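Coordinate inspection notes
Spelled out, the chains give:
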Amino acid sequence: MDRLACVQALVQAGCPLNAQDCDRETAAHLLVKQLSKSTTASHDRRSLQLPISMFHTIRSCADLTNMNLHHIASLVRPHWQLACLCFLVAQGADIFLHNRSGTSVLDGCVDEQVRLLMKDIANKRPRSCLPMTKATFVEFDTSEVIMCTFNCEESQADVSFVPCGHRVVCRQCARSIRLKRCPLCYQRIEKAVSDGMEIQIGEALLEKAIVSEEEQRRIQTNEEIERIAAAVAEQAKLDAEREKLQELEELRERLAKLEMEISCNICMDARPSVVFNCGHTACSQCTSLLKICHICRQPISTKQTLYS
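Residues numbered from 1 in each chain as written. Predicted model: local features only at pLDDT ≥ 70, side-chain atom pairs only at ≥ 80, totals over all residues. Heavy atoms only, no water.

What to know about the packing of helix α2 (residues 27-36) against helix α5 (residues 80-91)
Between α2 and α5, whose axes approach to 9 Å, the crossing angle comes to 155°. As the angle between them shows, α2 and α5 are arranged roughly antiparallel. The way α2 lies across α5 gives a crossing that is left-handed. Contacts between α2 and α5 involve A27, A28, L31, V32, Q34 and L35 from the first element and W80, Q81, L82, C84, L85 and L88 from the second. For the contact of α2 with α5, the residue count by class is 10 nonpolar, two polar and no charged. (Axes fitted to C-alpha atoms, helices over the stretch in contact; angles between N-to-C directions. Helix = DSSP H or I, 4+ residues; strand = E, 2+ residues; numbered from the N terminus. Parallel < 35°, antiparallel > 145°, perpendicular 65-115°, else oblique. Left-handed = near helix turned anticlockwise from the far one by under 90°. Contact = heavy atoms within 4.5 Å. Nonpolar A, V, L, I, M, F, W, Y, C, P; charged D, E, K, R; others polar.)

In structure tokens:
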């Protein structure tokens, strides 16, 4: 597995994007450092020397959160660090989180275009991807969250996550999204409860996947039926041809038998034209050479010409 696929797999598995190391640096901090090594000095500024159209292309992407990381990397090749940075920010990485030296991810971007791009991506990402830092979480009063903070923004947030207990989503949105961690505290969700009953997160997506699987199975069944029907038709065609060949062979055998019956038994060429006193026949040419019957070995006393 290459590094881009590894990054995407880790994010999809629910790895915390804002986890900090001993220097309080996140993965985004490290990517910015790697990206700064690729910059070049130009007119007293440092730049990646990427065309402006490339940044416009990334900004025009409607949904970076669901985009494949390899596709983003193809837009900014060979700067894979920039692709990973865009992907992590779109997924919810906090660009304002400071490391031990007080530098945020945004401050570490030496390229002005990259800095503006990170701001645009952070502003466009959905609420489900908004980062919740520890400081913000302490000041956040979950008792005030009574409306769904996801797509609908109209229904009451009546779903509680276990074990954190946060309520940020309604039942309908909970069934139609795929959440593994609480968007507030980023704890892994063990189960979701609404009105004392456990609900299945992403149940609608699961039902859709089941329907899609059934549809795929139906398509495969139809393809199998068509394949079997084609095989049966081909076999029937072969059987018909085989029967025709057998009939033709039988006709040839009958013809050969008839030819033997009406041909001279000696030369097998001419038709019999003379009958002997014993009843056997032969052609006139072969008869002139015979004194005894070539079949019963009786002396030939009389020869009678046959007329047809």
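Focus: the pairing of strand β4 (residues 191-194)
Only one face of β4 is covered, namely the one carrying A192 and S194; the face carrying K191 and V193 has none of its residues buried. As judged from the three bridges shared by β4 and strand β5 (residues 197-199), these two strands associate in the antiparallel manner. Each bridged residue has a counterpart across the sheet, and for A192 the counterpart in β5 is I199. Hairpin connection between β4 and β5: a loop of two residues separates the two successive antiparallel strands, and D195 in this loop has a positive phi of roughly 55°. (Buried < 20%, exposed > 50% of the residue type's maximum accessible area, 1.4 Å probe, protein only. Pairing = 2+ DSSP bridges.)

With respect to the pattern of salt bridges
Tallied over the entire structure, the rule returns three salt bridges. Notably, a salt bridge pairs K33 with E25, separated by 2.6 Å at the nearest N-O pair. For the salt bridge of R242 with D239, the shortest nitrogen-to-oxygen distance reads 2.7 Å. Highlighted residues: R242 and D239, both in helix α10 (residues 203-261), separated by three residues, approximately one helical turn. (Salt bridge = Lys/Arg side-chain N within 4 Å of Asp/Glu carboxyl O.)

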